[in-house]
Amino acid sequence: MSALLSPPPWKPSSVVPQPRKWTVHEFDRLGSLGCFEGRRAFLLDGVILEQGPMDPPHATGLALVDAALRAIFGVGWLLRVQTPMHLDPFNNPMPDLAVVPGGPRDYATVHPTVAALVVEVSDSTLHTDLTAKAERYATAGVADYWVLDLNGRALHVLRDPQPLPAGLGATAYRTHLILGPGDSVAPLAAPAAALLIADLLP
């Protein structure tokens, strides 16, 4: 007769719950399923974050920047408004506006990973735009990054991405200019085309 086997004594697990990091492809898949319908979600370091609803000043600022840049960047450039940008496997910041080389069909099967210029229009997100997002854009090699500060009525121009001290595995912008309504700026990719900051502000 066979002896009955007793289960081993129960021991508590030493493994503690860990946050789950989402990839850019999983994030995009959730979006395609309608999980973010009516929401302004983006992905930073595998964490899904959500902004509040877009208010009229933000929408107007975005439209003004879009119109100004479309007048500068012609054939050979594509302006993408609030569409995915896969900086790396865990970062899809969904920039307000990105100027990328090529045309629409160049991105029929892949999202861009870098841009000649990225612009974020900021009302309630200024701190995130100038810190967490800036670091990710710099690390991805975006040479020209602008943040339009609607409340401060200024344009932050961040350039010259440089690696942070060894071991941190990230990059930050070494140049940070703050331009007022009476100042002008030209994109690095279109140095002859100066834009008046006042024309970008609602």
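See the structure shown above.
Residues numbered from 1 in each chain as written. Predicted model: local features only at pLDDT ≥ 70, side-chain atom pairs only at ≥ 80, totals over all residues. Heavy atoms only, no water.

A. Spatial organisation of the side chain of Thr125. Inspection of the secondary structure puts Thr125 in the loop between strand E5 (117-122) and helix H3 (126-130). Within the structure, the side chain of Thr125 is placed 3.5 Å from the side chain of Ser122, a separation counted as a polar contact. (Helix = DSSP H or I, 4+ residues; strand = E, 2+ residues; numbered from the N terminus. Polar contact = N/O pair within 3.5 Å; in protein donor to acceptor, adjacent residues only side chain to side chain.)

B. Seen up close, the pattern of salt bridges. Considering all chains together, one arrives at seven salt bridges under this definition. Among the ionic pairs, Arg20 bridges to Glu26, the shortest N-O distance being 3.1 Å. (Salt bridge = Lys/Arg side-chain N within 4 Å of Asp/Glu carboxyl O.)

C. Layout of the packing of aromatic side chains. Under the counting rule described, the total for this entry stands at four aromatic pairs. Relative to Trp77, the ring of Phe73 lies with its centre 5.3 Å away and its plane at 70°, an arrangement referred to as edge-to-face. Since its relative accessible area comes to 29%, Trp77 is described here as partly exposed. Seen from their ring centres, Tyr137 and Tyr145 are 4.8 Å apart, and the 50° between their planes marks the pair as tilted. With respect to class, Tyr137 is no different from Tyr145; both count as buried. Put simply, the rings of Tyr137, Tyr145 and Tyr173 touch in pairs and so form one group of aromatic residues. The ring of Trp22 carries Arg20 above its face, with NZ or CZ at 4.3 Å from the centroid. Here the guanidinium or amino end of Arg80 rests over the ring plane of Tyr107, the centre of that ring lying 5.6 Å away. (Phe/Tyr/Trp six-rings, centres within 6.5 Å; stacked < 30°, edge-to-face > 60°. Buried < 20%, exposed > 50% of the residue type's maximum accessible area, 1.4 Å probe, protein only. Lys NZ or Arg CZ within 6 Å of the ring centre and 35° of its normal.)

D. Geometry of the layout of surface pockets. Approximately 310 Å³ is the volume found for the largest pocket. Elements supplying a minimum of two residues to the lining of the largest pocket: helix H1 (24-32) and strand E1 (40-44). Sort the elements by how many residues they give to the lining of the largest pocket and H1 lands first, with four residues. Split by residue class, the lining of the largest pocket holds seven nonpolar, six polar and five charged. (1 Å grid on protein atoms, 1.4 Å probe; cavity = no way out; pocket = protein on both sides within 12 Å on 5 of 7 lines; lining within 4 Å. Points joined across faces, edges and corners; volume = space filled by probe spheres on them. Nonpolar A, V, L, I, M, F, W, Y, C, P; charged D, E, K, R; others polar.)

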